[in-house]
Amino acid sequence: MKRARVRLLLAGVVLLAVLATGWAFWNRRPTPRQLFQTGAVAASRGDIGTAEHIQAQLAQDPANADLAQALRGGVLVNSRRYAQAVETLDPTLAEGELREPVLVWVGEAFVGLGQLGQAEVCLREAVREFPNNEHAVRLLAIVYHDLGAMQPALQQLEQLGKLAPNDYRVPRMCGSIYLDFEQYDACVNHLRHALQLNPPSEVRTEIVVEMARALRKQLKHAEALNELYLIDPTAESLGEIALNQIGQGDLKGAAESLQRGKQAGRVSPQLLEAESEILYEKKQYGPALTVLRRLLAAQPHDHGIQYKIALALKETGATDDATAAMKRFEEMTTLRKQLTELNDKANANPYDEAIRLQLAEVCDKLGRKDLAQGWRDAAKAARESGRSSLKP
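Everything in this summary refers to the structure shown in the same document. Quantities reported herein were computed from a predicted structural model and do not represent experimental measurements.

Criteria and thresholds
- Residues numbered from 1 in each chain as written.
- Predicted model: local features only at pLDDT ≥ 70, side-chain atom pairs only at ≥ 80, totals over all residues.
- Heavy atoms only, no water.
- Salt bridge = Lys/Arg side-chain N within 4 Å of Asp/Glu carboxyl O.
- Helix = DSSP H or I, 4+ residues; strand = E, 2+ residues; numbered from the N terminus.
- Buried < 20%, exposed > 50% of the residue type's maximum accessible area, 1.4 Å probe, protein only.
- 1 Å grid on protein atoms, 1.4 Å probe; cavity = no way out; pocket = protein on both sides within 12 Å on 5 of 7 lines; lining within 4 Å.
- Points joined across faces, edges and corners; volume = space filled by probe spheres on them.
- Nonpolar A, V, L, I, M, F, W, Y, C, P; charged D, E, K, R; others polar.
- Core = buried A, V, L, I, M, F, W, Y, C linked by side-chain atoms within 4.5 Å.
- Contact = heavy atoms within 4.5 Å.
- Expected span 1.5 Å × (residues − 1).

1. Structural notes on the pattern of salt bridges
As a working rule, side chains carrying opposite charge can pair if their charged atoms are close by.
Next, step 1: Taken as a whole, this structure holds 26 salt bridges when the rule is applied.
Next, step 2: Its salt-bridge partner being R138, residue E134 comes within 2.9 Å of it at the nearest N-O pair. Taken together, the residues E134 and R138, both in helix α8 (residues 134–146) and four residues apart, mark about one turn of the helix.
Next, step 3: Take E134: its relative accessible area is 32%, and that puts it in the partly exposed class.
Next, step 4: You can call R138 buried: its relative accessible area is 15%.
Next, step 5: Linking K365 and E361 is a salt bridge whose minimum nitrogen-to-oxygen distance equals 3.5 Å. Of this pair, K365 and E361 both sit in helix α20 (residues 353–366), four residues apart, which is roughly one turn of the helix.
Next, step 6: Via salt bridges that share partners, R216, E240, E273, E277 and K308 belong to a single interconnected network.

The following block contains the structure:
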């Protein structure tokens, strides 16, 4: 009798232990929201298999349909299936707790599709509502950079620098923007900062070449060469070395660097520019013009090349052509100024279609057909944004 009672007590203890274990296990089960967050993180890290497994789990319960559909969209974005992602991420999903990830994923999908206008609308809204979302800020900075919008891009990069102070890509992009807009002191300062953040070797080389160009524009040829000699030679770096040697009056050294660069197997803009400079210094103006026109065909918006063409034409005695080329240079200079002013207006008036169409027209006149189309897309997106269900 006593033995039976002990067995009964033990059985009760075992049952309580099983129930307790089951209760603890049930309490430890992740909520659907936690599963979604885990899947979203996995997708962002490129672990598509895990994200798809979690998405399938969520899809088993109709109550989690929105979570499953949103995560499916995130998987598609991170698999670079952008068109499918846009179709999957229905605007009605951008509500409540899902608003932040859906806004950012839709914006990223539009960036991937090259539809910068639509991307600008989504990401601008995402950054306004979620200013600490590093990925959204980064994507919006990229959009503005690709649109040639200097100040808006720099504003986003300033915010990104606070969120990711150790990311070399932030000062690197700032430096590139300042270089494009000929603010060379700021360019060099930001690129030096980028180098201090230990970028990968290949990227370091690209940064040094950009910094050397900015230093060359400031006539700091010795400083530029010191930086260039510290990296492995490439077609771009050898072209930049040649240009700085020309700046020092070392035409022989520049010619040797040019020859080494040509042996690298590809022609870089720096090599073409160096070749045209050497030919010009040797008073071989016809051949110099041929090279400069090749360079302008590749970079039709570069007003500096246009100026050199005007000078070379004048030296050949083609007075009328030289006058026309110089007039084109002056037009390009004026258009670049207009571009900067309109960019500032576009930033201050995010839903103004007319300003964006003006920007497209200026870009067309500068020969930047890619930027022109981007601004036309942005104008369309600004016009349609009032009807967008992505807005709160």
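2. Focus: the layout of surface pockets
Next, step 1: For the largest pocket, the calculated volume is near 1400 Å³.
Next, step 2: As for the largest pocket, its lining consists of 50 residues, and the residues nearest its centre are L179, D180, R213, Q299 and D302.
Next, step 3: Counting only elements with at least two residues in the lining of the largest pocket, the list comes to α8, α9 (150–163), α10 (169–180), α12 (201–217), α14 (235–247), α16 (269–281), α18 (303–316) and α19 (319–348).
Next, step 4: Here the lining of the largest pocket gets eight residues from one element, more than from any other, and that element is α12.
Next, step 5: Of the residues in the lining of the largest pocket, the class split is 18 nonpolar, 13 polar and 19 charged.

3. Some words on the nonpolar core
Next, step 1: Ranked by internal contacts, the top residues of the largest apolar core, which has 86 residues, are F36, L58, V102, L157, L228 and W375.
Next, step 2: Per-element tally for this core: the top contributor is α12, with eight residues.
Next, step 3: Look past the residues within four positions of W375 in its chain and what remains in contact with it is L147, A149, N343, A346, R356, L359, A360 and C363.
Next, step 4: Counting 15 residues, the second largest nonpolar core, distinct from the first, contains L289, I309, A312 and A322.

4. What to know about the side chain of E240
Next, step 1: In this fold, E240 is placed in helix α14.
Next, step 2: Residue contacts for E240: discarding those within four places in its chain leaves V209, A212, R213, R216, L228 and Q270.

5. Remarks on α16
Next, step 1: Counted at 1.5 Å a residue, the expected span for α16 with its 13 residues is 18 Å, and the 18 Å between its end C-alpha atoms agrees.
Next, step 2: With 10 of 13 residues buried, α16 lies mostly within the body of the structure.
Next, step 3: When we look at burial in α16, the residues that qualify are Q270, L271, L272, E273, A274, E275, S276, E277, I278 and L279.
Next, step 4: For α16, the secondary structure elements touched by its buried residues are α12, α14, α15 (251–262), α17 (285–298) and α18.
Next, step 5: Positive phi appears at K283, one or two residues downstream of α16, with a value of about 65 degrees.

By themselves, these observations are geometric and do not establish any function.
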